[in-house]
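Next come the chains, spelled out residue by residue.
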Amino acid sequence: NAKVTAPATDPTKEGYDFMYWYTDDESTEFDFGNTAITADTTIYAKWEKQTFTVTFMADGVEYDNQTVDYNATVTVPTQPTKENYNFIGWYTTEDTLFDLETPITQSMTLHAEWSQSQCVVTFVDDDGTVWNLQTETGEPVALPTPTKEGYDFVGWYTDEDCTQAYNDDDDISGNLTLYAKWQIKTYTVTFDVNGMISSQTVEHGSMAD
């Protein structure tokens, strides 16, 4: 009695792994080496649906891990929380927002993205005085106007050298440090000697020559 030989190439089916050739009840593997063919015979391919791992990361720590069948969708995890931040969504490693209704066809890692809800604006005076103001992101901040004897306050700057002025109409999008810039006051000293007038410009606290 002749025996049938298994096909040289396994069949393929999208989303499935080929297991083996089975008899019609799909519980018994067909024994190609020992089964004699004595009548028309049908042999069935048995498949197992592929599964993939979806890992959710929040700030570098694994937050959730799911095994998902091919073409199924993930179970939306409980929204993570982070102090002073709002959760935006789950993003791929390419920094693209991932639609959790998308069918899964491969393993992937998703990362939590955040927007800062509370930020701190730090004001630094030239004498080393530092004070902080906590404010909501997305809103302009009310800038204080300090006073200093003998000086005029010029404004707040974003760099220590006070070359980049801060626009107080800008919305705050994150923690910010601002530096105070001052200009010393100057005065005019006028000399009248027998009707001959001369003058000097003198800085605050200086002596006239």
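Let us look at the structure shown here. Just so it is clear, the model here is predicted, and its values are computed rather than measured. Numbers given for residues are sequential positions, taken from 1 along each chain in its written order. A pLDDT threshold of at least 70 governs which residues receive local features in this predicted model, and a stricter bar of 80 or more applies before side-chain atom pairs are shown or counted, although totals over entire chains, interfaces and linings include all residues. Side-chain numbers come from the whole structure's heavy atoms, not from hydrogens or water.

## Regarding the nonpolar core
Next, step 1: What makes a nonpolar core is a set of buried Ala, Val, Leu, Ile, Met, Phe, Trp, Tyr and Cys residues whose side-chain atoms join them at distances within 4.5 Å. Partly exposed residues are those whose accessible area sits between 20% and 50% of the maximum for their type, while under 20% is buried and over 50% is exposed, using a 1.4 Å probe and protein chains only. By size, the foremost hydrophobic cluster in this structure holds 16 residues, and its most contacted members are Val54, Phe56, Val74, Trp90, Leu100, Ile104 and Leu110.
Next, step 2: Broken down by secondary-structure element, the contributors of at least two residues to this core are β3 (51-58), β5 (85-91) and β6 (108-116).
Next, step 3: The contact criterion used is simple: two residues touch if any of their non-hydrogen atoms lie within 4.5 Å. Look past the residues within four positions of Trp90 in its chain and what remains in contact with it is Phe56, Met57, Tyr63, Pro77, Pro80, Thr96, Leu97, Phe98, Leu100, Leu110, His111 and Ala112.
Next, step 4: Judged by nonpolar contacts, the second largest core, of 11 residues, contains Cys119, Val121, Val141 and Trp182. Only DSSP runs of H or I covering at least 4 residues are called helices, and only runs of E covering at least 2 are called strands; the numbering of each starts at the N terminus.

## Observations concerning the sheet that holds β6
Next, step 1: Here 4 strands make up an open sheet; going across it, the order is β4-β3-β6-β5 and the pairing mixed. The open sheet is flanked by β4 (61-69) and β5, the only strands paired with a single partner. Going across the sheet, the axis of each strand differs from the next one's by a mean of 25°, ignoring polarity.
Next, step 2: In this structure, β3 lies alongside β4, joined through 8 bridges in antiparallel fashion. From the neighbouring strand, Phe56 faces β4, where its bridge partner is Asp64. Two strands qualify as a pair provided DSSP detects at least 2 bridges between them. Throughout, an axis means a line fitted to C-alpha atoms (over the contacting stretch in the case of helices), and angles, computed between N-to-C directions, take values from 0 to 180 degrees.

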